[in-house]
Amino acid sequence: MQPETEHSLSLERKLKLHEARESIIGRLAAKLPTSINLDSFLQVIVAELGRMMEVDRCDIIKLTPEGELRISHEWRVNDNVPSSLQARIPVDVATLSQYLDVRRPIKLDDTSSPELDHKVRFFAKSLGTRSLLVVPVVLDDEVLGLIGLHHTRAARHWTDEEVAFLVSIATQLAIGYQYTRIYNDKKREAETTEALLEIANTLNARSDFGDVSSAVLERALSLVGADYCALGVLDADEKRISLAAFKAAPHAVTDKVRGLIETHGQSMDVTEYPAMVDILSQGKTLKLHETDLPLPLRVIFNATLGGRAALVAPVRIAGHAFGLLGLVWSEQRDRFKDHEVALVEGIADQIGTALERDHLSAEIMRLKSALHERYGEERIIGQAPAIRRAIELALSVADTQTSVLIQGESGTGKELLANLIHFNSGREDQPYIKLNCGAIPETLLESELFGHEKGAFTDARARRQGRFEEADGGTLFLDEVGEMSPTAQVRLLRVLQDGEFTRVGGNEVLKADVRIVAASNVDLERAAEQGKFRRDLFYRLSVFPIRLPALHERREDIHPLVFHFLEHYKQRTGRFVSGISKEALRALVSYDWPGNVRELENAIERAVIIASGRQIELDDLPTAIGNVAAERETLARAERAQAASEGRSTTLAIEVPSSMEDIERKAIETTLDYTSGDKTKAARLLNIGRKTIYRKLEQYNGQQTSNSSPEEN
């Protein structure tokens, strides 16, 4: 049927319109009480109106909070009609209202007419239409949206009867829309209340913070559909925030963000991030979309955090900020709805309420955290599989009486692992005695272990208890046990077998309940095979062997170790250091560390003292580390030059996160290596001007840009 060309509709057409209107109203009346879904409701409306009005396209146009227009629902007569679904029309509604009253029907029979203002023609062109009828859906002077009817290829005259018909339909839609919105708001409110009640029950049913936080974050993810979430807790001075819990959805890809956590540790300085400070001080939830960020930050947000949107809500106790609850989405999405924000804020409030309870006391948590930081040097830093396996083994054997043998190169942290075993053994309140067998002369080692009687040897002027007696009921840590003399090995074996010993120069048999943890930087099994260590003692000590990896076997842990020692020695020496350069950090990671973690710690302590008041640079590190870095850089440049001479391409490794300036500089310098310093060729390969190359190099070298243009290559 062709559209009406006269200024009035035929009786047949009027009858069909009225019948169709009654049908829509009847359908709304029948379905709204039992089946309320706003999206489905609007989709049905555009389809019914499009067919009824015999147009090419019918859509719902919504006014966005930013003042733009967005096509939210659409019907097309066939696939040949261009789609505008989800299109955002960059027309400022306030400006457009000066030319068109969006509160009244708008008839544009021919949008190409030169009589129309250019802004109106642009508006119509943005909608992809030749002939347009727009009817507002208004309720209590609020424009809920616009119904758009389009002829995309030909002009059409819109009659007064058609406009009146659509106005009556829009009135019914406004009522139905309000009813649907109220219903959905109440439904969401009920769902939010039910979800928060469920979380409250979870918090009340458990007392372990790890269990509570894990369960709450997992439920929060399922409720809001985020990819991952994290809970951070402030320290006592409210300058640093520590990761208390992290949870990811089953489908989420979080390798990079987990790597970031492992690299930089689970604690960060909040004073370096003004947005965090504002959230904590003002108590307002941050609603973040990638489009809100400048390009460099957006790249980091996308690439490193895997995020496109985030909600960060403060966790408060008695009105005071205690931490932050953050949720991140990896898919692009529209602005957050009020009920989503309310749900996240409700979960944060629930966590705060739970933390006020005695068995999840925030003060206890803070004291434990402070105690942990006070003895930060005792922590084992690392997430590499080998070190995590060693820690798991240590914790699994800690609460037994079994003897443990820890083996590893010097400086790998054997004593730290022994500490971990003792303080989780159930004997932590009993004596913990340490003895370095390699630091005591052979003639005195037996006396140190078992004590001596008065007059047992020269200078033995009084009876003295040995380390076994001192450690009775607790733990005895024997470091460098492979340095023991054969005689001391025999006596140690007897104690391990019978639990009995005598003091040097005495006859009294003594008993001691001592748990032995031994450590050695040599392979005791091989030493036993070579006859340098008693085989029977080796078997007695190595009931439960644990091997600690060398630092070069777990390079992924060098980053967190560097930052840990950096913070530790800043506080210990009182020296301010603003950070460490990427060149220095890269050199630390590439070095082989024959002295292991102890050598790394010494290098950082030295660098903190040298670089007081500024950033640690490559020159502040020990010479051996700088030499290795220089050799590797020379080799890399030679490889790039070789690739260029052979006509091969080469690769450029970029660290993330990196600033755009750092990435640009790396690309230019690497390309210059590839071209053996030929700036003209480098500029051509980079598709930039040669002057740009010179200007950038002068910036990198801290020089002033010359007014004259260099002519050399």
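Computed from a prediction, not measured in an experiment: that's the story for all the values here.

**So, the pattern of salt bridges**
Move 1: Considering all chains together, one arrives at 24 salt bridges under this definition.
Move 2: We note a salt bridge from glutamate 392 to arginine 389, for which the minimum N-O separation is 4.0 Å. Of the two residues, glutamate 392 and arginine 389 are both situated in helix 12 (residues 385-398); the distance of 3 residues between them amounts to about one turn of the helix.
Move 3: Given the relative accessible area of 48%, arginine 389 is considered partly exposed.
Move 4: Across the pair aspartate 592 and arginine 555 runs a salt bridge, and its minimum N-O distance is 2.4 Å. In this pair, aspartate 592 sits in the loop between helix 20 (582-590) and helix 21 (596-610) while arginine 555 sits in the loop between strand 21 (544-547) and helix 19 (558-573), placing the two residues 37 residues apart along the sequence.
Move 5: For arginine 555, a relative accessible area of 27% gives the class partly exposed.
Move 6: A single salt-bridge network, built from bridges that share partners, covers Arg57, Asp59, Glu74 and Arg76.

**A look at the packing of aromatic side chains**
Move 1: Per the stated rule, a full pass over the model turns up 8 aromatic pairs.
Move 2: Here tryptophan 329 and phenylalanine 336 contribute two aromatic rings whose centre-to-centre distance is 5.0 Å and whose plane-to-plane angle is 55 degrees, an arrangement assigned as tilted. Across this residue pair, the class does not change: tryptophan 329 and phenylalanine 336 are buried.
Move 3: For the ring pair phenylalanine 538 and tyrosine 539, a centre distance of 5.5 Å and an interplane angle of 55 degrees mean the geometry is tilted.
Move 4: For phenylalanine 538, a relative accessible area of 8% translates into the label buried.
Move 5: Site record: aromatic cluster; members linked through ring pairs are Phe450, Phe468 and Phe501.

**Re the confidence of the model for the protein chain**
Move 1: With 75% of its residues at a pLDDT of 70 or more, the protein chain shows a mean pLDDT of 77.
Move 2: Counting interchain partners and residues more than four positions distant, the pLDDT-below-50 stretch residues 703-713 has 16 contacts.

**Some thoughts on the nonpolar core**
Move 1: Counting 32 residues, the largest nonpolar core has Phe468, Leu478 and Met484 as the members making the most contacts within it.
Move 2: At the level of secondary structure, the elements contributing two or more residues to this core comprise strand 14 (432-436), helix 14 (442-450), strand 17 (475-479), helix 16 (486-498), strand 20 (515-520), helix 17 (524-529) and helix 18 (535-541).
Move 3: Here the element with the most residues in this core is helix 16; it accounts for 5 residues.
Move 4: In contact with leucine 478, not counting residues within four places along its chain, are Leu435, Cys437, Leu449, Met484, Leu492, Ile516, Val517, Ala518 and Ala519.
Move 5: With 27 residues, the next largest nonpolar core counts Met52, Val55, Leu149 and Val163 among its residues.

**What about the packing of helix 14 against helix 16?**
Move 1: Following both chains from N to C, one finds helix 14 and helix 16 inclined at 15 degrees, their axes separated by 9 Å at the closest point. One finds that helix 14 runs roughly parallel with respect to helix 16. As helix 14 runs across helix 16, the sense of the crossing is right-handed. Where helix 14 approaches helix 16, its residues Leu445, Glu446 and Phe450 are matched on the opposing element by Thr487, Ala488, Arg491, Leu492 and Val495.
Move 2: Residues belonging to the contact of helix 14 with helix 16 are distributed by class as follows: 5 nonpolar, 1 polar and 2 charged.

**Quick notes on helix 16**
Move 1: Between its first and last C-alpha atoms helix 16 spans 19 Å; for 13 residues at 1.5 Å apiece the expected length is 18 Å, and the two agree.
Move 2: Taken together, the buried positions of helix 16 are Ala488, Gln489, Arg491, Leu492, Leu493, Val495 and Leu496.
Move 3: Packing partners of the buried residues in helix 16 comprise helix 14, helix 15 (467-470), strand 17, strand 18 (500-501), strand 20 and helix 18.
Move 4: Looking one or two places after helix 16, you find glycine 499, whose phi comes out positive at around 75 degrees.

**Concerning the packing of helix 19 against helix 20**
Move 1: At a minimum axis separation of 10 Å, helix 19 and helix 20 run at an interaxial angle of 120 degrees. Considering the angle they form, helix 19 stands oblique to helix 20. For the pair helix 19 and helix 20, the crossing hand works out as right-handed. For the pair helix 19 and helix 20, contact is made by Ile558, His559, Val562 and Phe563 and by Leu585, Leu588 and Val589, respectively.
Move 2: Here the contact of helix 19 with helix 20 is composed, by residue class, of 6 nonpolar, 1 polar and no charged.

Rules used in this analysis
- Residues numbered from 1 in each chain as written.
- Predicted model: local features only at pLDDT ≥ 70, side-chain atom pairs only at ≥ 80, totals over all residues.
- Heavy atoms only, no water.
- Salt bridge = Lys/Arg side-chain N within 4 Å of Asp/Glu carboxyl O.
- Helix = DSSP H or I, 4+ residues; strand = E, 2+ residues; numbered from the N terminus.
- Buried < 20%, exposed > 50% of the residue type's maximum accessible area, 1.4 Å probe, protein only.
- Phe/Tyr/Trp six-rings, centres within 6.5 Å; stacked < 30°, edge-to-face > 60°.
- pLDDT = per-residue confidence, 0-100.
- Contact = heavy atoms within 4.5 Å.
- Core = buried A, V, L, I, M, F, W, Y, C linked by side-chain atoms within 4.5 Å.
- Axes fitted to C-alpha atoms, helices over the stretch in contact; angles between N-to-C directions.
- Parallel < 35°, antiparallel > 145°, perpendicular 65-115°, else oblique.
- Left-handed = near helix turned anticlockwise from the far one by under 90°.
- Nonpolar A, V, L, I, M, F, W, Y, C, P; charged D, E, K, R; others polar.
- Expected span 1.5 Å × (residues − 1).

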